[in-house]
Amino acid sequence: MTKNLRVKSSKLVDETYRISFKFNGTTYYGFKGDTLASALLANNIHLVGRSFKYHRPRGIMTAGSEEPNAIVQLHNGTSRTEPNVRATEIEIYEGLVATSQNCWPSVKFDIGGINNFLSPLLPAGFYYKTFMWPASFWEKYEYFIRKSAGLGKSPDVPDPDIYEHKYIHCDVLVIGAGISGIIAAKTAAKNGFKTLLVEEKSYLGGSTIYQYSEFFKINNQNSASWLEKEINEIKKIENLEIKTRTSVAAFHGYNFLLARENLTDHLPLEQRENKTRQRLLKIRAKKVITATGSIERPLIFDNNDRPGILLSSAIKKYADLFGVACGEKNILFTNNDSVYETAISLIQKGIKVQAIIDNREEIDSKLIKETEKNNIKIYKGYTIVDTFGYKRINSVSIMKLSKDGQKVIGSKENISCDSLGISGGWTPAVHLFTQSGGKLKFRDDDQVFIPNTYPSNQISIGSCNGDFTLDEILINTPKLLKEFLNIKKTEYENIEIYSAFNKSKRNIWLLPSNKIVGKTKSFVDFQNDATAKDIKLALREGFRSIEHVKRYTTTGMGTDQGKLGNMHALGIISETASSKMGELGTTTFRPPYTPLTFGTIVGRNVGKYFDIIRKTPIHEWHVENKAEFENVGQWKRAWYYPQNDENMHEAVQRESKAARDSAGILDASTLGKIDIQGTDASEFLNRVYTNAWSKLEIGKCRYGLMLNEDGMVYDDGVTTRLDENHYIMTTTTGGAATVLGKLEDYLQTEWPELDVYLTSVTDHYATISVCGPNSKKIIQKVIPEIDLSDKDFPHMSFKNSKIGKVKCRVMRISFTGEQSYEINIQANYAKSVWENCMEAGKEFNITPYGTETMHLLRAEKGFIIAGQDTDATMTPIDLQMDWIVSKKKFDFIGKRSLYRSDTIREDRKQLVGLITDNPEEILEEGAQIVADMNKTPIEMLGHVTSSYFSPNLKKSIALGVVKGGKNMMGQKLIIPMEKKQINVTVTDPVFLDKENKRLNA
Amino acid sequence: MFLINCPFCGEREQSEFKAGGEAHIVRPKQPTELSDDQWAEYLFMRKNIKGIQFERWNHIHGCRKWFNMVRDTSNDEIKAVYKMGEKPPVK
């Protein structure tokens, strides 16, 4: 089978540099400059993969990023494996290993190929229709569907490569380095604009760079030679940066674009170590010039998907640029002049053109005349009705088209071939333009969508703007540039252009056949196996919107997003439903233009750099003392400190007992701290908390509850009056940033007249909380000069003091219900003060405890945790905290909402305590609470919000929210679990020391 | 992604900002005198129009100042930015 189909050395391929690579286990050779596709074609390999649904053999179809079929897995089974790589884009390197996808056991013999024969049973919407019933079977179906879904295999080991992100700012961004992009970049840069030119391929010049034909001339030279000189010139311009192998993925509003720059994918693996593989460029451009070119359209006829069928432009490119013949007996099939450019190139290189089938009748075209001079048979007014050959095309059947193009007439004729080039004209690549919010218009003459209105400072030029021929590009581009860049003149004013291209085209979206549509397989979306028949079926079944037809038939939903066939899908819908193309519109083009790797998207934000990690100044001590940590927002908080072989439960039981029996110590540094100053500070607190603050004495602390304007509890914490106009507010750990934001919002927007200044000091002060009956003695040892007598320093008060020479603030406040002191000290002294406390507390068995014990201790006391026992539906009344809501205050945030008809309902969910009948039974947080198991449907009354085994009470305790719970004290309820029902009794949420004896002891 | 001209700092990336909903909704001076319906009007009802919309924005990762923006929601064009308390420069 293997043959050498190299025809002539070309400038892109370096024939002195041979490269070996493996495809499906066999070693092949190519040259430096080859893509995997060109190297395979040179080895006469067309069959590359199997189609998604029917597992039909598929070959290379294109020579660019629009490729639907030739997608392969690279380096399968290694850490560098990558699925769904387009063989037409990957440049070969020594050691490249590629395998076919979606086939088993091999691409040549694929068991799934049976689907092709079962295809009458697999219509559009097959999955939706078949796997609907019985509903209980879904889990069984899912296993098989998941197995057959997807094409390549995703890697299952970490990616060894490095990726990064880079911001780029420029005056002008030019996307695409074809002839119009080169002209634009040169014009912009020479007029003083800082310009960036990006090109997805490894070389500049687009399709003009290999247009050596005498039929396309600029200033009397062939267009390739003219463009080469331009390229050499732009490489010397200083304020022009050129990036090749860089593909723009997304074009967002305000000229913000994302591009992927490929740095190492063309290098042998051993040369990639310690290099950045890909860079995500975040480009902000003052002006954007889109010159993304156009994509050749296929033609839609029966069996138009066989290996060996390529776009005509791809055959030309492989011959001209890579020096590769796609076959030895080529047939070309067209509705426009493009294939004659291909034919002339092939003739020049000595590649045989068997015949040309042209939809059009007699056309006056110089290109056709030149082709005919070479004795090539042209079938004018003909169409292909079928093709043959399973793993490679071997012949086509042709028939004469009727005058109106609606049917075929006469008799069939067969022509043999080993390659077929098809051209249905060109589709402007408007993907990026529409992503940016641009609106298209439909040009009836040649049936294309072109840019109409621009949402930002940008233009489209060249063939992506509908200028397909050399003369149109060279006349229109300078005009557009002059206006867009606001310049008087370009270098391209008096240029002489010769283009032999005749623009006439006979557009037939679905070519007629001698068979009925239902009996044909005319592929519209090659990757997803959507045929013209599927689209017609969808229309018959009532789908009208193009977006619905797309999803039902999966047209355009592959990794190529239907770059080839979407227009035909629209055309077939338009014809079948008799609606106008322009009114039908297109489906939405979404980023990325071509698939991006996850690595590129995340850049360096992986592993420990995934998110910010906040550590308290005492963190190292916790690590040294073997704490387990829990994440609270971005904070790492000590969770519990297991000793010996203790599990969490055992450690927490020990810690909480010690805290109540003698002394416990907690690192509370993560609590949010906001410094509040100004002459209106008291008034401000009055307005943001539910309780009154004006009368709080200097040196006293008060607990406050903060509501949203809708009356729901938002955050809580203790605020201390440090001075007449100076407070320090504490917030929950997770709420710190949002509370500050909310307070700032009110200050700046609602109450700008208030003289109040807010400063976040969370990171500036560390907070060490010592609690328990012996806490006073320990604090006294650490701060000998402070008077801790209950009379002088009662619960809820504050004192300034010093430890050595360092100022500190001591608050007597408690979240555990024990006598408790909090030392607030400048963060950099915190660890040593903590160690002082540990040393001083040694004789009292001072026990460090973590967040879990903290939660248990506060639950014993019935203290809520905002965010755990509350969600955004709990008012203070629901929490049985009526005592904290001032009746006297004229207003505070959320006050009016507390007596809306909904918030005064008696049957709202209210916070209660829950005691299990079996004191050993610990409830699951989140478990549902019901009263009557026999009622159907069972009424859900609420759920458990906090649950622990209390070592101090020697029983299980829980908090929960229950509808109308306030009036259910003593009532029995049920917690239904998967395998049992747990009986509980509703109680007051305070389980321990209701009289606050311990606090004031 | 927008490029927003913060009235205090100048042009910055949208990622530095936080959107804060409809602008020029004044908190009632005497909420207690409002009916449930009137309070609900203030609390919940937002226009969410397609077209010219007045919005609040906060330069949260910058100067932390709140300001107002006039934006055409149909094409995301920012017509103007202005400080809190100022009258909108466009109608």
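Reading the values: the criteria
Residues numbered from 1 in each chain as written. Chains lettered and ligands numbered in written order. Predicted model: local features only at pLDDT ≥ 70, side-chain atom pairs only at ≥ 80, totals over all residues. Heavy atoms only, no water. Phe/Tyr/Trp six-rings, centres within 6.5 Å; stacked < 30°, edge-to-face > 60°. Helix = DSSP H or I, 4+ residues; strand = E, 2+ residues; numbered from the N terminus. Buried < 20%, exposed > 50% of the residue type's maximum accessible area, 1.4 Å probe, protein only. Lys NZ or Arg CZ within 6 Å of the ring centre and 35° of its normal. Pairing = 2+ DSSP bridges. Axes fitted to C-alpha atoms, helices over the stretch in contact; angles between N-to-C directions. Patch = residues over 30% accessible without salt bridge, like charges linked within 9 Å, V, L, I, M, F, W, Y side chains within 5 Å. Areas by Shrake-Rupley, 256 points an atom, 1.4 Å probe, with all protein chains shown as cover. Salt bridge = Lys/Arg side-chain N within 4 Å of Asp/Glu carboxyl O. Contact = heavy atoms within 4.5 Å. Domains from an automatic or database assignment. Polar contact = N/O pair within 3.5 Å; in protein donor to acceptor, adjacent residues only side chain to side chain. Core = buried A, V, L, I, M, F, W, Y, C linked by side-chain atoms within 4.5 Å. Expected span 1.5 Å × (residues − 1). Arc of directions from axis to C-beta.

Visitor: I keep staring at the packing of aromatic side chains and nothing clicks. Help me out?
Guide: A ring pair, where both rings are aromatic, is described by two values, the distance of the centres and the angle of the planes. Applying the stated criterion across every chain yields a total of 21 aromatic pairs over all chains. Geometrically, the ring pair formed by F2 of chain B and W57 of chain B is tilted, given 6.1 Å between the ring centres and 55° between the ring planes. Within this pair, whereas F2 of chain B is found in the segment before β1 (3-6), its partner W57 of chain B is found in strand β4 (residues 52-58), the two being separated by 55 residues in sequence. Note on F2 of chain B: relative accessible area 9%, which makes it buried. The class of W57 of chain B is buried, set by a relative accessible area of 5%. Taken together, the ring pairs connect Y254 of chain A together with F2 and W57 of chain B into an aromatic cluster. One residue, K32 of chain A, lies across the ring of Y17 of chain A, its end atom 5.2 Å from the ring centre.

Visitor: What should I look at first to understand the sheet that holds β4 of chain B in this one?
Guide: The strands that make up a sheet are held in pairs by hydrogen bonds between backbone atoms, and each pair lies either parallel or antiparallel. Residues and elements named next belong to chain B. Overall, antiparallel pairing links the 4 strands, which are arranged β3-β4-β5-β6 in an open sheet. Every other strand in the sheet has two partners, leaving β3 (18-22) and β6 (77-83) as the edge strands with one partner each. Taking each pair of neighbouring strands and ignoring which way they run, the sheet shows an average axis angle of 35°. Direction of pairing for strand β5 (residues 66-72) relative to β6: antiparallel, over a ladder of 6 bridges. Counterpart to M69 in the pairing with β6 is V81.

Visitor: Quick question: what am I supposed to make of the pairing of strand β13 (residues 246-252) of chain A here?
Guide: A regular strand places its side chains on the two faces of the sheet in alternate fashion. Residues and elements named next belong to chain A. Taking burial as the measure, the 7 residues of β13 include 6 buried ones, the bulk of the element. In this structure, β13 lies alongside strand β14 (residues 256-262), joined through 6 bridges in antiparallel fashion. Paired with T246 across the bridge in β14 is E261. The turn joining β13 and β14, which pair antiparallel and follow one another in sequence, is formed by 3 residues; a positive phi near 55° is taken by Y254.

Visitor: Sorry if this is basic, but what is going on with a nonpolar patch on the surface here?
Guide: Residue and element names in this part refer to chain A. Residues F598, I601, V602 and V606 make up a contiguous nonpolar surface patch of about 390 Å² in total accessible area. Inspection of the secondary structure assignment puts I601 in helix α16 (residues 598-602). With relative accessibility at 44%, the residue I601 sits in the partly exposed group.

Visitor: Would you take a moment to explain the environment of E939 of chain A for this structure?
Guide: All names here are of chain A. As for its position among the elements, E939 is in the loop between β46 (928-929) and β47 (942-950). Classification of E939 by relative accessible area gives partly exposed; the value is 35%. Along the primary structure E939 and S499 are separated by 440 residues, whereas in three dimensions their C-alpha atoms are 79 Å apart. When residues no more than four places from it in sequence are discounted, the contact partners of E939 are I929, V930 and K963.

Visitor: Please clarify how the domain arrangement of chain A should be interpreted in this entry.
Guide: How big an interface is tends to be stated in terms of the accessible area lost upon association of its parts. All names here are of chain A. Looking at the assigned domains, one finds that chain A contains domain 1 (1-156), domain 2 (162-294 + 428-499), domain 3 (667-857) and domain 4 (905-1000). On the domain 2 side, the residues contacting the 13 residues of domain 1 number 16 residues. One can count 3 salt bridges joining domain 1 with domain 2. At the junction of domain 1 and domain 2, the tally comes to 4 residue pairs in polar contact (both at pLDDT 80 or more).

Visitor: In this structure, what is going on with the sheet that holds strand β48 (residues 955-963) of chain A? I would like to understand it.
Guide: Residue and element names in this part refer to chain A. Judged by pairing direction, the sheet is antiparallel, and its 6 strands sit side by side in the order β46-β47-β48-β45-β50-β49 without closing on themselves. In this open sheet, the two edge strands, each paired with only one partner strand, are β46 and β49 (972-976). Of the strand pairs in this sheet, β47 and β48 are connected by 8 bridges, and their pairing is antiparallel. Within β48, the position partnered with S947 by the bridge is A958.

Visitor: Is there a simple way to explain the side chain of S656 of chain A in this structure?
Guide: Summarising the element assignment, S656 of chain A is placed in helix α18 (residues 648-661). At a separation of 2.4 Å, a polar atom in the side chain of S656 of chain A contacts the main-chain carbonyl oxygen of V652 of chain A.

Visitor: Can you help me understand the nonpolar core in this one?
Guide: Generally speaking, soluble globular proteins have nonpolar side chains that are buried together. All names here are of chain A. Of all hydrophobic cores here, the largest spans 133 residues; its most connected members are L36, L173, I283, Y318, V396 and L420. Composition of this core by domain shows at least three residues from each of domain 1 (1-156) and domain 2 (162-294 + 428-499). Apart from residues no more than four positions distant in its own chain, Y318 is found in contact with T35, A37, S38, L41, I60, T62, A63, T88, L310, G323, V324 and C326. One finds I779, V810, C837 and F844 within the second-largest nonpolar core, a separate group that totals 32 residues.

Visitor: Whenever I open this one, helix α6 (residues 223-234) of chain A confuses me. Can you help?
Guide: Residue pairs spaced three or four apart in an α-helix point in one direction, given the helix's 3.6 residues per turn. Residues and elements named next belong to chain A. Here α6 spans 17 Å end to end across 12 residues, near enough to the 16 Å set by a 1.5 Å rise per residue. Buried within α6 are the following residues: S223, A224, W226, L227, E230, I231 and I234. When α6 is viewed along its axis, its buried side chains cluster within an angular range of 155° and face the same direction. Those residues of α6 hidden inside the fold are in contact with α5 (179-190), β9 (195-198), β10 (216-218), β11 (221-222), β12 (240-243) and α11 (470-485).

Visitor: It is not clear to me how unusual backbone geometry should be interpreted in this structure. Could you clarify?
Guide: Note: most peptide bonds trans; most residues except glycine with negative phi. Residue and element names in this part refer to chain A. Omega for the bond connecting P591 with P592 falls within 30 degrees of zero, at -5°, which places this linkage in the cis form. Among the secondary structure elements, P592 is positioned in the loop between α15 (581-584) and α16. Note the cis peptide between T936 and P937, where omega equals -10°. Located in the positive-phi region is N303, a residue other than glycine, with phi close to 55°. By the element assignment, N303 lies in the loop between β16 (294-296) and β17 (309-311). For N303, a relative accessible area of 10% corresponds to the buried category.

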